[in-house]
Amino acid sequence: MNRSILAPRLVAAFAASLLALALLAPALRAQAAPRGGGPAVLAIQVNHSVAPVSPTLYGLMTEEINHAYEGGLYAQMVRNGTCRADWTGIPRWYLVQDGGAQATMRPDRGTGPSAAIPYSLRLTVRRATAAAPAGVLNTGYWGMGLRPRTVYRGAFYAKESAGAGAVTASLVANQTGRVLASEVIGGIGAAWRRHAFTLRTGGGFRPSAGNHLVFTVAHPGTLWLNVVTLFPPTYDGTPNGDRPDIMRLLAAMHPQFLRFPGGNYLEGRSIAQRFNWKKTIGPLVDRPGHWSPWGYWSTDQFGLLQFLDWCQDLHMQPVLAVYAGYSLNGKHVPPGPKLAPYVTSALEEIQYVTGGVHTRWGAVRARDGHPQPFPLHYVEVGNEDFFDRSGSYNARFAQFYHAIKAHYPQLQIIATAPVTSVRPDVLDQHYYQRAVQFFHDAGHYDKTSRKGPKIFVGEWATRQGSPTPNFGAALGDAAWMTGLEHNSDLIVMASYAPLFTNVNPGAMQWAPDLIGYNALRSYGSPSYYAQVMFASHLGAERPAATLAGGGPRFFDSVTETPGRRVDLKLVNAASTPQPVSVHFSAARLTGRGELITLHAANPQATNSLRHPRAIVPHRRRLSGIGPVWRETMPPYSIQVLQVDLH
Ligand code: AHR
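Described in the following lines is the structure provided in the data block.

Calculation rules
- Residues numbered from 1 in each chain as written.
- Predicted model: local features only at pLDDT ≥ 70, side-chain atom pairs only at ≥ 80, totals over all residues.
- Heavy atoms only, no water.
- Near = heavy atom within 4 Å.
- Polar contact = N/O pair within 3.5 Å; in protein donor to acceptor, adjacent residues only side chain to side chain.
- Areas by Shrake-Rupley, 256 points an atom, 1.4 Å probe, with all protein chains shown as cover.
- Nonpolar A, V, L, I, M, F, W, Y, C, P; charged D, E, K, R; others polar.
- Axes fitted to C-alpha atoms, helices over the stretch in contact; angles between N-to-C directions.
- Helix = DSSP H or I, 4+ residues; strand = E, 2+ residues; numbered from the N terminus.
- Parallel < 35°, antiparallel > 145°, perpendicular 65-115°, else oblique.
- Left-handed = near helix turned anticlockwise from the far one by under 90°.
- Contact = heavy atoms within 4.5 Å.
- Salt bridge = Lys/Arg side-chain N within 4 Å of Asp/Glu carboxyl O.
- Buried < 20%, exposed > 50% of the residue type's maximum accessible area, 1.4 Å probe, protein only.

### Thoughts on the site of the ligand
Logical step 1: Neighbouring the ligand are Glu 63, Gly 263, Asn 264, Trp 294, Asn 383, Glu 384, Tyr 432, Glu 459, Ala 497, Pro 498 and Trp 510.
Logical step 2: Within the contact set of the ligand, an oxygen atom lies 2.9 Å away from a backbone nitrogen or oxygen of Asn 264.
Logical step 3: Tyr 432 has a polar side-chain atom sitting 2.7 Å from an oxygen atom of the ligand.
Logical step 4: Taken by itself the ligand offers 290 Å² of open surface, and the protein chains cover 94% of this.
Logical step 5: Taken together, the residues that form the shell around the ligand break down as five nonpolar, three polar and three charged.

### Here we look at the packing of helix 6 (residues 340-354) against helix 7 (residues 360-367)
Logical step 1: Look at helix 6 against helix 7: their axes get within 7 Å of each other, and the N-to-C directions meet at 50°. On the basis of the axis angle, helix 6 is oblique to helix 7. Here helix 6 runs over helix 7; the crossing is right-handed. Across the interface between the two elements, Glu 348, Gln 351, Tyr 352, Val 353 and Thr 354 of helix 6 pack against Arg 360, Trp 361, Gly 362, Val 364 and Arg 365 of helix 7.
Logical step 2: Broken down by class, the residue content of the contact of helix 6 with helix 7 amounts to four nonpolar, three polar and three charged.

### As for the pattern of salt bridges
Pairing between side chains becomes possible if they bear opposite charge and their charged atoms approach one another.
Logical step 1: As enumerated under the stated definition, the model contains 17 salt bridges in all.
Logical step 2: As a salt-bridge pair, Lys 278 and Glu 348 come within 2.5 Å of each other at their nearest N and O atoms. Of this pair, Lys 278 sits in the loop between helix 4 (264-267) and strand 16 (290-291) while Glu 348 sits in helix 6; the two residues are 70 residues apart in sequence, bridging distant segments of the chain.
Logical step 3: A relative accessible area of 34% means that Lys 278 is categorised as partly exposed.
Logical step 4: Here Asp 644 and Arg 621 are joined by a salt bridge, their closest N and O atoms 3.8 Å apart. Separated by 23 residues along the polypeptide, Asp 644 in strand 34 (residues 637-645) and Arg 621 in strand 32 (residues 618-622) bring together distant segments of the chain.
Logical step 5: Among the ionic contacts, a cluster of salt bridges with common partners joins Arg 259, Glu 380, Asp 428 and Glu 459.

Okay, structure coming up:
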């Protein structure tokens, strides 16, 4: 399993005999380190597996950071739709007084649409007419993305007094003031009630993020407003759903799992601000929301069921992280009776995910619109609990472990720090490094004992580039991924983090992030494309293979889908070309295959909203692939060679 060392000076002499070496030592993964360069010679013994590859190796890690959901994946266009006030007033909402209209807008803490949201935006209109209306506008998440001939579905809770009358909802272009869509919503009434509306844009304008939403009235009176939503067409048309462009980017990654809801977002800054799943389910109006540890308010409209729907839509298995009694301010819940309610809450959460409709929480899920239980194999207890200096995780983990196993013995339990109280099934480990560190550390797990828990690399990233990784980062990532694949008998899952960022000024708390977007468009970074290439070419087994030569910045990984194909990943992180020759033994090659190349002129090169496809994979169909295949890799390049088998 481990990679052993060949002295560089032997490389040339060994080149001719590598095939024989592979035959003699099929389990050996030989590599020169440090390697002196020269041609890289790979000998692959097809149909001779030395280790399985985890079918769940590549997945996603996610949390509310950088406006990942609100202002990101979650398609809701209205920012601060729950009209929360601060010392500045009601952020993102502004008063509209057209012509001679006179009105005021203020927070009303005395009335709201529900017990969870007992406050509202109050619009008091002293003078307004149809020609000179008064109202409020919302600026969205750094604008609202609009397209021609598109249907936008919205809703709000409202009540009125003193004859404010019907509300006109309009979508308006920021620069021109042009009304792109509008509808009148009547029958508001004196009691809080939900009102739905539909806005249809016409033609004659270009897609743009520079738009806003306006509500106006044409009569004096008072209008109270809250829980305002507006959605473009969502992925698969799911109500309260996700942005199709971002979902399509994710689908191309073939993610096998989704780790949620964090990360720090699970823990919260304090125990009170943890991800309290029960407050994130049911009608939107019953969700009070909470502060994200990343410094902004979360409405929790993207709640537990939305995470699960997301899994279902992309055929990912959920990796459910449950709050384990430790928060970012260093406070913990002591193990024992004080922790018991949190353990119960985790068990109930698992039942909400997996229980039949006749269980208490399965019935709640059915009420929420999803009678079918979700599959669940992994539960993670906490996040980065090695930060808990009190040492309580050992006992906290054991308390969760025993309770979960007692009710759900089939579940695999993931620990977030080493524990001695009980043997976890899986250990979650995180790596945020520079590319040079990943180059040195690609063999990190080569010598790890196979007798301990399995490994989940639950967060990792090369931290170079902002807001999204540059090509230098993609090279570090690709080198690291070759190491993950070499050790995928041990590493059951791995996920890059963070996944998303809204690229507008002030939206991001952490760089880099794999995928960037604004209110209208999204793009994948070079690191994103490296992951697409690796995850789309993950075989089932690792065949015996030996490597000689190649410089210290050359990395490779070989996997095989028996009887179908061999996938070879090659990484040349050097500034010079890298000659490679690959020897296939015992292979029933069809001669056909494909070479996919991701390449940039230098490590600072990157993608952006303006240049979303500057660095993308290029595919070349191959024919006539024989037992020896030769290629010179360009400087700074990542390649996948797919070789089809009979
Ligand atoms: O990915 C960003 C943060 O890094 C995560 O929330 C946390 O788990 C880690 O420290």
